[in-house]
Amino acid sequence: MAIAKDNVFVPDPADSRRYRHALGTFSTGVTIVTLQSDAGPQGMTVNSFASVSLDPPLVLWSPAKSSSRHDLFAGAGHYAIHVLSADQHDLLARFTRGGAGFDGLDYHLNEEGVPVLSDTLARFECARANVHDAGDHTIVVGRVLRAAHGEGEPLIFSRGAFGRFAHHG
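Since we're looking at a predicted model, the values are computed, not measured.

Caption draft 1: Molecular detail of the nonpolar core. Counting residues in each nonpolar core, the largest one holds 18 residues, and the members touching the most others are V33, W61, F73, Y79, I81, F124 and C126. Put simply, the parts of the chain that give this core at least two residues each are strand 2 (31–37), strand 3 (40–46), strand 5 (58–61), helix 2 (70–74), strand 6 (78–83), strand 9 (122–134) and strand 10 (137–149). Contact partners of V33, with chain neighbours within four places excluded, come to Q42, G43, M44, V46, W61, F73, Y79, A80 and I81. Membership of the second largest hydrophobic core comes to nine residues, among which are L84, L91, F95 and L155.

Caption draft 2: Molecular detail of the pairing of strand 9. Sheet analysis places strand 6 next to strand 9, joined by six bridges and oriented antiparallel. Paired with Y79 across the two strands is C126, which belongs to strand 9. Sheet topology places strand 9 next to strand 10; 12 bridges connect them, and they run antiparallel. Its bridge partner being in strand 10, A127 is matched across the sheet by R143. The hairpin turn running from strand 9 into strand 10, its antiparallel successor, is two residues long, and G135 in that turn takes a positive phi close to 65 degrees.

Reading guide: rules and limits
Residues numbered from 1 in each chain as written. Predicted model: local features only at pLDDT ≥ 70, side-chain atom pairs only at ≥ 80, totals over all residues. Heavy atoms only, no water. Core = buried A, V, L, I, M, F, W, Y, C linked by side-chain atoms within 4.5 Å. Buried < 20%, exposed > 50% of the residue type's maximum accessible area, 1.4 Å probe, protein only. Helix = DSSP H or I, 4+ residues; strand = E, 2+ residues; numbered from the N terminus. Contact = heavy atoms within 4.5 Å. Pairing = 2+ DSSP bridges.

Bear in mind that shape data such as this cannot, by itself, settle questions of function.
Structure follows, in structure tokens:
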């Protein structure tokens, strides 16, 4: 399906609805980034995760500057990124605004003292490599120290909703 000529627009910060709608056509996975703070374990739901490099192993994610925990997460020396499976909506809800977070949740600390969640689809334990200013977000690049993965379908975020990946072919 082609893009109609009358559907081309210049993004306008005063009215971001159309731009957000266009971005929403790109489906992403859903992750939870965790770290240890002076106040205990912290977690944040993030869909701005991407692989950057295989050699050295680098990944990135981007916390919003509007988040009350932006500085904590953008400044963390070590953190873990957990990729959620399609049946982990309950875990997702714990780490969205107003969620229960780590209260009553089973986890363990890795070698760097970062809280690690059990039974996620994949996990990337990272040391911060670089931080870059990027408009209303910060790009955090991490060097992957350890990675793990299991079998299953990923949780997908697309067009403002969560769902499953459908195989074709």
